[in-house]
Amino acid sequence: MQETEGIQHATAHRPWPKPRMPWVMFQSWQRLLFAHWPLPASVLRPLVPPQLTLEEFEGSAWLGLTPFILRDLRPRGIPVFPVISDFPEMNLRTYVRHGTRAGIWFFTLEAASTLAVIAARTLFRLPYHHARMEVQDRDGWIEYSSYRREGNAAFEGRYRPMGTSFEPRYGTLEHFLTERYALFTVLRNGWVLRGDIHHVPWRLQRAEAEIGLNTVPAAHGITLPDVAPLLHYSERQDTLIWAPELDDARPS
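Thresholds, definitions, all that
Residue positions are given per chain, counting from 1 as you read along its sequence in written order. For this predicted model, a pLDDT threshold of at least 70 governs which residues receive local features, and a threshold of 80 or more governs which side-chain atom pairs are given and counted, while totals over whole chains, interfaces and linings are taken from all residues. With hydrogens and water set aside, each side-chain value is computed from the structure's full complement of heavy atoms. Paired rings are identified among Phe, Tyr and Trp, the last through its six-membered ring, by centres lying within 6.5 Å, and are further divided according to the angle between planes into stacked (under 30 degrees), edge-to-face (over 60) and tilted (the rest). We call a charge positioned over a ring when the NZ of a Lys or the CZ of an Arg lies within 6 Å of the ring centre and within 35 degrees of the ring normal. Working definition of a nonpolar core: buried Ala, Val, Leu, Ile, Met, Phe, Trp, Tyr and Cys residues. They are joined through side-chain atoms within 4.5 Å. Exposure classes here rest on a 1.4 Å probe applied to the protein chains alone. A residue is buried below 20% of its type maximum, exposed above 50%, and partly exposed in between. Strands here are runs of E lasting at least two residues and helices are runs of H or I lasting at least four, both read from the DSSP assignment and numbered beginning at the N terminus. The criterion used for residue contact is that any of the two residues' heavy atoms lie within 4.5 Å. The arc under discussion is defined with respect to the helix axis, by the directions toward the C-beta atoms. We call two strands paired when DSSP finds no fewer than two bridges between them. Distance and chemistry together define a polar contact, namely a pair of N or O atoms within 3.5 Å, with one atom able to donate a hydrogen and the other to accept it when in protein, and with adjacent residues in sequence counting only for side-chain atoms on both sides. In this analysis the probe radius is 1.4 Å and the grid spacing 1 Å, with only protein atoms considered; a cavity is a set of points the probe fits into but cannot get out of, a pocket is an open set with protein on both sides within 12 Å along at least five of seven lines, and lining residues have an atom within 4 Å of a point. Grid points are joined across faces, edges and corners, and a volume is the space filled by probe spheres set on the points. Residues are grouped as follows: Ala, Val, Leu, Ile, Met, Phe, Trp, Tyr, Cys and Pro are nonpolar; Asp, Glu, Lys and Arg are charged; all remaining types, including Gly, are polar.

Draft legend 1. Looking closely at the packing of aromatic side chains. One pass over the structure, following the stated rule, counts eight aromatic pairs. Here the aromatic cluster, defined as three or more aromatic residues joined through ring pairs, consists of Trp-29, Phe-34, Phe-68 and Trp-202. In this arrangement the basic side chain of Arg-101 is found over the ring face of Trp-16, its NZ or CZ atom lying 5.6 Å from the centre.

The following block contains the structure:
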């Protein structure tokens, strides 16, 4: 489809080539908040499998919480069905490396779609959980709530973009936190799976947020530091996703 053409041909920014195999899924991530907290590596290291290297930026590991709206989810060659292709999603993550590839480790991914949760757990081996979620626009703010009964993980807050958009420069903290083109999972036998993704470079804005409730990190054994999070907003990021494969830690 037309929306994938521009994505596929923009590759100069990638840290390694796109996979040779065809992509299997399209997703549009919209109205996304990046909320990040610095943490000592010693806090997150025990919670990340030893097969993965926990990455730091200027002496800190980073924990990210990212609420957004997922739209137009569809497998390759399948049309969009709005009832099942659009729903809120939120993830809790940190940043890791396996071999030469930098990527993301998810502690949890919360989604309002039961079907998407089942599919992602089965096909991508990702730690998805179903949550009751709601998103509303009110007075220029995006009001976002998520409640997962399992593990008592809940989030209530609102956020909005501020200022003009920009593309993060290589070597900056913003680039480190956002320009990631792989998702990692580790199987029970210790093998590492890598799921490649591809999109154009992020366009970010500074953001403002008021978070009234956030028990998602605590539900996964993480205590947030007593500092305000670093906040960024992205209006839209269209993304291609590949099927996960065993990662032998060598460049493709």
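Draft legend 2. Region of interest: the nonpolar core. In this structure, Leu-44 and Phe-107 are the most contacted members of the largest nonpolar core, which totals 34 residues. Looking at which element gives the most residues to this core, the answer is strand β1 (residues 25-39), with four residues. When sequence neighbours within four positions are dropped, the list of residues in contact with Leu-44 reads Leu-39, Leu-54, Ala-61, Trp-62, Leu-63, Thr-94, Phe-107 and Ile-222. Leu-126, Ile-197, Trp-202 and Leu-204 belong to the second-largest nonpolar core, a separate cluster that totals 29 residues.

Draft legend 3. Region of interest: helix α4 (residues 114-124). Three or more residues of α4 are buried, namely Ala-116, Val-117, Ala-120 and Phe-124. Taken around the axis of α4, the buried residues stretch over an arc of 100°, which confines them to a single face. For α4, the exposed residues set more than 90 degrees away from the buried face come down to Leu-115, Thr-122 and Leu-123. Those residues of α4 that are buried are in contact with β1, β4 (87-98), β5 (101-111), β6 (128-130), β10 (182-186) and β13 (230-241).

Draft legend 4. Structural view of the environment of Glu-56. By the element assignment, Glu-56 lies in the loop between β2 (53-54) and β3 (61-75). Setting aside residues no more than four positions away along its own chain, Glu-56 makes contact with Ala-41, Ala-61 and Phe-176.

Draft legend 5. Summary view of the pairing of strand β7 (residues 132-138). The pairing of β7 with strand β8 (residues 141-148) spans seven bridges and is classified as antiparallel. The partner of Glu-134 across the bridge, within β8, is Ser-145. Taking the residues that link successive antiparallel strands as the turn, the β7-β8 hairpin has two residues, and the phi of Asp-139 there is positive, at about 55°.

Draft legend 6. Layout of the environment of Trp-242. Mapping Trp-242 onto the fold places it in the loop between β13 and β14 (245-246). The contacts of Trp-242, once residues within four sequence positions are left out, are Lys-18, Pro-19, Met-21, Pro-22, Trp-23, Val-24, Phe-124, Gly-195, Asp-196, Ile-197 and His-198. Of note is the side chain of Trp-242, whose polar atom sits 3.5 Å from the backbone oxygen of Pro-22.

Draft legend 7. Just the layout of surface pockets, in detail. Its boundaries defined by the atoms lining it, the largest pocket holds a volume of some 690 Å³. The wall of the largest pocket is formed by 47 residues, among which Met-25, Gln-27, Leu-73, Tyr-128 and Ile-241 lie closest to the centre. For the lining of the largest pocket, the elements supplying multiple residues, two or more each, are β1, β3, α3 (82-85), β4, β5, α4, β10 and β11 (192-198). Of the residues that constitute the lining of the largest pocket, the class distribution is 32 nonpolar, nine polar and six charged. Put simply, the second largest pocket is a space of about 400 Å³. Taken together, 20 residues form the lining of the second largest pocket, with Pro-15, Tyr-170, His-175, Phe-176 and Glu-179 sitting closest to its centre.

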